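This is what each chain is made of:
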Amino acid sequence: MILLVFVHQNALAEVLPEERADIGYHYYDGGGVEVDGATMLVRKNFSGKYSIYGGYHHDSISGASPDVLAGASEYTEERDEYTLGGTYLYDNTLMDLSYTYSDEDDYESNMVSFDVSHEAFGAMTKVNIGASVGSDDVERSDLPSFAEDLDRYSFRAGISQVITKTFVMALDYEATVEEGFLNNPYRFVFVNGVSQGSGSEEYPDTRTGQAYSIKGIKYWQHRASTSLGYRFYRDTWDITSSTVDLNYSQYIGNQWVVDVYGRYYTQDEADFFSDNFSSRLRYMARDKELSSFDSFAIGGRVRYDLFKDYKYFRTVSLNLAVEYLDFDYDDYSGIESVADVGELGSGYTFDATTIQFYLSAWF
Amino acid sequence: MFSNIKKILSTSIFLTLILTMAACSSFSLPSLPDIEPWVAPYEREYLADPIMSFNKDPLSNKYRQHVFNTREGAKGAGYAHGGGCGCN
């Protein structure tokens, strides 16, 4: 009923997302893995009511993270992701339907998402609600007979509220359910210092998580803005986590926009995680993403507007983003072979650098 | 766990359909009196500035969230979602 009340308040006109195209290159180097490739996202509007968009992302992956090295030889892999979507504007309501397909040698993913957002109270308030359904196929590149399924569902809702003429806040909630084969098929566990071999992890078949976030963004009169966000997450595997995001944007002259951002993340381990089990258990994980760790990231992005209002383009800009990430694990050792078992239980750390370089055009 | 899946799915489909139907419907539903916006349209110059968007660089943000999603246990709630793995 509350939603219906929101929906039928008078509101100013909602508009379609802006027409723009982004095309670029991304690079990641850290933890023994290098990933790079091309990426693009294009959106085109029609008659003020319809919008279609498409995206492509390619990953060329080489190397392997430490928890995989002992179970599989160093590898190279390619991943392609395609997204196609459409948005329909009806009065003050935006409806968006999208499909994402991702394919790599040993993993295939399909996801359909549907989202609705509505502006109300004179465009002071925006409510949104959406759901996704996904289906993945998990394989092993070294074992052709291996084939498992994973189904994924999520439901999300949020509200964004204008507080003052320079301040906006947003609250979001998302529930996720995953059902099927959730382990990485290559990873392995240690029991009393003895590796149990590739694929020896055992995870529950289901995982349900809930995430809550609050964020705000404030405009400053010196042509700048600051956003601050916090997210709390917990799931049925007993993982709880907190994320803090901070971003500062600043115009410099008429052609430059500079962003500086930082992020802190911390999580507790899953209740069936151990770097070295004392005995075999029903569920066993040694995946570092399920361990207890902290990470921080600090980065910056520079945008330079090449030209404005030329032929079909309102603005064309060059963008460069660089970010440094640091991961600090509490009781995951990252050891790769039995020769190092004396180090089990010690904290593994790694750092990484990401670079994005892309061209953006608004038309 | 199946009951959890069914509960979330049925709730999400129900709420999404309700919102869509309400937004598209031409009939009137009971509503509260209109609330006067306390920030008038002509006072929204700063709010309309691109740097006031939570997602002003969608391509860059999507990539950044993918980097974090594949290395962390948490996901969701206003943070980008999508398919794929690329998680080694």
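Residues numbered from 1 in each chain as written. Chains lettered and ligands numbered in written order. Predicted model: local features only at pLDDT ≥ 70, side-chain atom pairs only at ≥ 80, totals over all residues. Heavy atoms only, no water.

Colleague: How do you make sense of the overall build of chain B when you look at a structure like this?
Modeller: Each helix and strand counted, chain B has two helices and zero strands in total. Looking at chain B as a whole, 45% of its 88 residues are labelled buried. (Helix = DSSP H or I, 4+ residues; strand = E, 2+ residues; numbered from the N terminus. Buried < 20%, exposed > 50% of the residue type's maximum accessible area, 1.4 Å probe, protein only.)

Colleague: Explain the overall build of chain A to me, please; I cannot follow it from the model alone.
Modeller: Along chain A, the regular secondary structure elements total two helices and 18 strands. Counting across all 363 residues of chain A, residues that qualify as buried make up 53%. Nonlocal contacts in chain A, meaning residues at least 24 apart in sequence, comprise 59% of its contacts between residues at least 6 apart. (Contact = heavy atoms within 4.5 Å.)

Colleague: So what exactly am I meant to see when it comes to the pairing of strand E8 (residues 143-164) of chain A here?
Modeller: The two faces of a sheet get side chains in turn, since along a regular strand they alternate between them. Residues and elements named next belong to chain A. In terms of strand pairing, strand E7 (residues 125-140) meets E8 through 16 bridges, oriented antiparallel. Looking at E8, one finds that Ser 132 is bridged to Ser 154. Sheet topology note: the E8/strand E9 (residues 167-180) ladder contains 14 bridges and is antiparallel. Looking at the pairing, Leu 150 lines up with Gly 180 of E9. As consecutive antiparallel partners, E8 and E9 are separated by two residues. (Pairing = 2+ DSSP bridges.)

Colleague: Would you mind going over a nonpolar patch on the surface with me for this structure?
Modeller: Residues and elements named next belong to chain A. Among the surface-exposed residues, Leu 171, Ile 214, Leu 228, Tyr 230, Val 244, Leu 246, Tyr 264, Phe 296, Ile 298 and Tyr 324 lie close enough to one another that they form a single nonpolar patch of about 880 Å² accessible area. Elements with a minimum of two residues in the nonpolar patch: strand E13 (224-235), strand E14 (240-252) and strand E16 (293-310). As for its placement among the helices and strands, Tyr 230 is situated in strand E13. Take Tyr 230: its relative accessible area is 34%, and that puts it in the partly exposed class. (Patch = residues over 30% accessible without salt bridge, like charges linked within 9 Å, V, L, I, M, F, W, Y side chains within 5 Å. Areas by Shrake-Rupley, 256 points an atom, 1.4 Å probe, with all protein chains shown as cover. Salt bridge = Lys/Arg side-chain N within 4 Å of Asp/Glu carboxyl O.)

Colleague: Explanation requested: the pattern of salt bridges in the structure shown.
Modeller: Between side chains of opposite charge, a pair can form as their charged atoms come close. Residue and element names in this part refer to chain A. Going through the model one piece at a time under the given rule, you end up with 26 salt bridges over all chains. The shortest N-O distance in the salt bridge between Glu 289 and Arg 187 comes to 3.3 Å. Of this pair, Glu 289 sits in the loop between strand E15 (256-267) and E16 while Arg 187 sits in the loop between E9 and strand E10 (190-191), and the two are 102 residues apart along the sequence. According to the relative accessible area criterion, Glu 289 is buried, its value standing at 7%.

Colleague: Help me understand the pairing of strand E12 (residues 206-220) of chain A, please; the structure alone is not making it clear to me.
Modeller: Residue and element names in this part refer to chain A. Here E9 pairs with E12 via 13 bridges, running antiparallel. Each residue of the ladder has a partner; that of Glu 174, found in E12, is Ala 211. The sheet contact formed by E12 and E13 spans twelve bridges and is antiparallel. Looking at E13, one finds that Lys 218 is bridged to Thr 226. With antiparallel pairing between neighbouring strands as the criterion, E12 and E13 make up a hairpin whose turn holds three residues, including Arg 223 at a positive phi of roughly 60 degrees.

Colleague: What exactly am I supposed to notice about the side chain of B:Glu72 here?
Modeller: Tracing the backbone through its elements, the reader meets B:Glu72 in the segment after helix H2 (58-69). The exposure class of B:Glu72 is buried, given its relative accessible area of 5%. Only 2.7 Å separates the side chain of B:Glu72 from the side chain of A:Arg263, close enough to count as a polar contact. (Polar contact = N/O pair within 3.5 Å; in protein donor to acceptor, adjacent residues only side chain to side chain.)

Colleague: When you look at a negative patch on the surface in this model, what are you seeing that I'm missing?
Modeller: Among the surface-exposed residues, A:Asp238, A:Asp268, A:Asp271, A:Asp328 and A:Asp330 lie close enough to one another that they form a single negatively charged patch. Position of A:Asp271 relative to the elements: it lies in the loop between E15 and E16. (Lys, Arg positive; Asp, Glu negative; His and termini not counted. Charge placed at Lys NZ, Arg CZ, Asp CG, Glu CD.)

Colleague: Can you walk me through the environment of A:Lys311 in this structure?
Modeller: If you trace the backbone, A:Lys311 turns up in the loop between E16 and strand E17 (313-329). Each C-alpha atom of the pair A:Lys311 and A:Phe363 lies 9.2 Å from the other, and the pair is 52 residues apart in sequence.

Colleague: Sorry if this is basic, but what is going on with the nonpolar core here?
Modeller: Proteins that are soluble and globular tend to have nonpolar side chains buried together. A:Tyr28 and A:Leu290 are the most contacted members of the largest nonpolar core, which totals 36 residues. Those elements that provide at least two residues to this core are strand E2 (33-46), E8, E16, E17 and strand E18 (349-362) of chain A together with H2 of chain B. Leaving out residues up to four positions away in the same chain, A:Leu290 has contacts with A:Tyr203, A:Arg207, A:Trp237, A:Ile239, A:Gln267, A:Glu269, A:Ala270, A:Phe272, A:Phe273 and A:Ala285. Ranked by size, the runner-up nonpolar core spans 13 residues in total, among them A:Val168, A:Tyr219, B:Ile51 and B:Met52. (Core = buried A, V, L, I, M, F, W, Y, C linked by side-chain atoms within 4.5 Å.)

Colleague: Would you mind showing me how to read H2(B) here?
Modeller: For an α-helix, the turn length of 3.6 residues means that residues three or four places apart are oriented alike. Residues and elements named next belong to chain B. Relative to the 16 Å expected for twelve residues at 1.5 Å per residue, H2 spans 16 Å between its end C-alpha atoms, a close match to the ideal helical length. For H2, a buried count of nine out of twelve residues is recorded, marking the element as mostly surrounded by other parts of the structure. When we look at burial in H2, the residues that qualify are Leu 59, Ser 60, Asn 61, Tyr 63, Arg 64, Gln 65, His 66, Val 67 and Phe 68. (Expected span 1.5 Å × (residues − 1).)

Colleague: I'm lost on the packing of aromatic side chains in this one. Help?
Modeller: What characterises a pair of aromatic rings is the spacing of the ring centres plus the angle enclosed by the ring planes. On inspection of all chains with the given rule, the structure shows 23 aromatic pairs over all chains. Ring centres of A:Trp256 and A:Tyr304 lie 4.7 Å apart, and the angle between their planes is 50 degrees; this geometry places the pair in the tilted category. Within this pair, whereas A:Trp256 is found in strand E15, its partner A:Tyr304 is found in strand E16, the two being separated by 48 residues in sequence. Look at A:Trp256 and you get partly exposed, because its relative accessible area is 39%. Relative accessible area serves as the criterion here: at 27%, A:Tyr304 is assigned to the partly exposed category. Members of the aromatic cluster, connected to one another through ring pairs, are A:Tyr265, A:Phe293, A:Phe327, A:Tyr329, A:Tyr332, A:Tyr348 and A:Phe350. Across from the ring centre of B:Phe54, 4.9 Å away, lies the NZ or CZ of A:Lys215, which sits over that ring. Positioned above the aromatic ring of A:Trp220, the side-chain terminus of A:Lys218 is 5.6 Å from the ring centre. (Phe/Tyr/Trp six-rings, centres within 6.5 Å; stacked < 30°, edge-to-face > 60°. Lys NZ or Arg CZ within 6 Å of the ring centre and 35° of its normal.)

Everything listed is a geometric property; what it means functionally is a separate question.
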